[in-house]
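Examination of the molecular architecture
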Amino acid sequence: MTFAGSALKILLMRRSIGPDSSSPARTTSRQLAYLGILIYTVCSHSTVATIVARRRDGNSNLPSIRITPIGFESLGVRSMCTFVETPDVKLLIDAGVALGPRFRKLPHPREYQARNECRSRIRTYAAKADAIVVSHYHNDHHTPNYTETVWVGSSPEEAEQIYKDKLVLVKDIRNYINFNQRRRGWMFQRFIKRTGGKCEVADGRSFEFGSTKITLSHPVPHGEDNSEMGWVLMTRIRCGEETFLHASDVQGPMSKETLRLILKDKPSILVLGGPPTYLKGVRVQGSSIERGIMNAAKIAKTVPTVILEHHILRSENWKAEAGPVLEAANEADNMVVTAAGYLNQPALILEARRQDLYTEEKPSPEFVKWMELPRDKRQLKSPPI
Ligand SMILES: [Fe+2]
C-alpha cells in the first residue's frame, strides 16, 4: 500500500475516533486538507514520517469517543496528558507536564518552548473538562501547587487554573503508594480542597455520566511488579460500542498481570506508556525492557489503534527498539502511532536530541546567564526563552 493510501485509511479511521470528528461535512473537507498536508509531509520529510504501522479497514461508525493528545514525548515533553470527549462528558487525564534531567545538561530552550505550549494546552482543555484524572503523583502526571521552573513549570497560580472547582478523580494515597507519592498526594489533595475542588479516590471505581462509564483500574505497577516507583491507575472509558483505555507509565507493560487487564478490556484505542529503553542496562534490566516490548507487541496484535508513547519516545532509536511492536501491528492490520502521528504532525523528539540541539542552536546570552544561576534561585525564575 502506498503512503497516500495509508494516509486515507488513517483519515477514515479518525472520523470515528479522532480529534476533529465533530461534523461530518467539516470532517470531509478537513480530511481532504489533512490528506494533502500528510502526503506533502510524507513525501518531503521521509525522516519524520510518524505513522509507523497502519490499519487497513477504517471504522466508519458514528463517533462516540474523541481523543485529543495534549502532552507527550512526541510533542516535545514528558507527559501523557490526554483529553477525552464523549457526548456525555469531557475528561482530562493526567494534567501534568515536565522536562527531565538528561546528558548532564539542562533542557534546551526549545524544550522549554514545548513545555510552555503544552502548559497552555493543559489550561485550555482543563477549562473545558468536567473532571480531571490523576493516575499517580509523579510530576509529569499532575501539576503540583508549588513554584518550580526548571523541570515542571509549576506554580500555585498554574495549579489553580487547572484544578479550581473541579471534580478530580485521584489515586488513593493510603494504599498501594510509595512514600514520595504519598507525601505529594497528601499535599495535592489538601490544595484541591482549598481551591473548591472535590477529590474522589478512584481506585477500582466507576463513574457514570449519561451513557458513558469511566472506570479506574485497581492500582497496577509502575513498570515491574513490586517496582519502587509505585503504582498507577489506568482509565477506561466506555461509550456505545467503543472503549478507550489510557495506560499511564505501565512501561510496556512489563507486568504480566497488567497485560492481562489491558487485553481483557478489549480497547478500540489505547494510549500506552512504552518501556524506558533509554535506561536499559543502566537503571532498568535488559530482560525487563525486552518483556515490556514483547508485551506491547501482544497488545498491538489485538488492539486496533495503539498510541505508543512516553518512556520509549525518550530514545532517538525508538522505532528500531519498538520493531516487534510495529511488526505485530502490521501483520494484524492494526495501527501503532505516536501522539504526534495521531495528530498528523511530525514527531518532535527533543529530550533525546538535547545534545544535538545545543550544538545546532546556541542558546541566547540571557538563557546562559539563567543556567548559571545557583540552583535555588534558578528554580524560582522562569527561563528566558
Ligand atoms: Fe510518567
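Right, let's walk through the structure included here. Numbering of residues starts from 1 in every chain and runs along the sequence as written. Restriction of local features to residues with pLDDT of at least 70 applies here, the model being predicted, together with a cutoff of 80 or more for giving and counting side-chain atom pairs; totals for whole chains, interfaces and linings are based on all residues.

1. Remarks on the nonpolar core
In terms of nonpolar packing, the biggest core is built from 86 residues, with Leu270, Ala300, Val306 and Val325 touching the most fellow members. When sequence neighbours within four positions are dropped, the list of residues in contact with Leu270 reads Leu245, Ala247, Ile262, Ile299, Val303 and Val306. Nonpolar cores are built from buried Ala, Val, Leu, Ile, Met, Phe, Trp, Tyr and Cys residues. These are joined into a set through C-beta atoms within 7 Å. Here the C-beta atoms are placed from the backbone, and a residue counts as buried if at least 20 other C-beta atoms lie within 10 Å of its own, exposed if 12 or fewer do, and partly exposed otherwise. Once C-beta atoms have been placed from the backbone, residue pairs whose C-beta atoms lie within 7 Å are recorded as contacts.

2. A look at the sheet that holds strand β2 (residues 81–85)
In any sheet, the strands associate via hydrogen bonds between backbone groups, in a parallel or an antiparallel arrangement. At least two DSSP bridges between two strands are required for those strands to pair. Here a helix means four or more residues in a row that DSSP labels H or I, a strand means two or more in a row labelled E, and each is numbered from the N terminus. Strand order across the open sheet formed by 6 strands is β1-β2-β3-β4-β5-β6, with mixed pairing between neighbours. Only two strands of the sheet have a single neighbouring strand rather than two, namely β1 (66–71) and β6 (198–201). Averaged over all neighbouring strand pairs, the angle between strand axes comes to 20°, with direction disregarded. Where strand β5 (residues 167–170) meets β6, 4 bridges bridge the pair, whose relative direction is parallel. By the bridge assignment for β6, Leu167 is matched with Lys198. Lines fitted to C-alpha atoms define the axes here, with helix axes fitted over just the stretch in contact, and angles between the N-to-C directions of these axes take values from 0 to 180 degrees.

3. With respect to the sheet that holds strand β14 (residues 305–309)
Spatially, 7 strands are ordered β7-β8-β11-β12-β13-β14-β15 in an open sheet, and the strand pairing comes out mixed. The outermost strands of the open sheet, each flanked by one partner alone, are β7 (206–209) and β15 (335–337). The average undirected angle you get between the axes of adjacent strands in this sheet is 15°. Packing of helix α6 (residues 256–265) onto the sheet brings it into contact with β11 (235–239), β12 (242–247) and β13 (269–273), and relative to β12 it is tilted by some 160°.

4. A short note on unusual backbone geometry
Look at the link from Gly252 to Pro253: it is a cis peptide, with omega at 10°. On the secondary structure map, Pro253 appears in the loop between β12 and α6. Its identity is not glycine, yet Gln251 carries a phi of approximately 60°, on the positive side. Looking at the element boundaries, Gln251 is found in the loop between β12 and α6.

5. Describing the packing of helix α7 (residues 286–302) against helix α9 (residues 323–331)
Contact geometry for α7 and α9: axes closest at 8 Å, N-to-C directions at 15°. As judged from the angle between their axes, α7 and α9 are roughly parallel. The two elements α7 and α9 meet at a crossing, and its hand is right-handed. Contact residues: α7 offers Ile293, Met294, Ala296, Ala297, Ala300 and Lys301, while α9 offers Pro324, Val325, Ala328 and Ala329. When residues are grouped by polarity, Ala, Val, Leu, Ile, Met, Phe, Trp, Tyr, Cys and Pro land in nonpolar, Asp, Glu, Lys and Arg in charged, and all others, Gly among them, in polar. Split into classes, the residues belonging to the contact of α7 with α9 amount to 9 nonpolar, no polar and 1 charged. Comment on the angle field: the value is read as roughly parallel under 35 degrees, roughly antiparallel over 145, roughly perpendicular from 65 to 115, and oblique elsewhere. Note on convention: near helix rotated counterclockwise from far helix by under a right angle means a left-handed crossing. Clockwise means right-handed.

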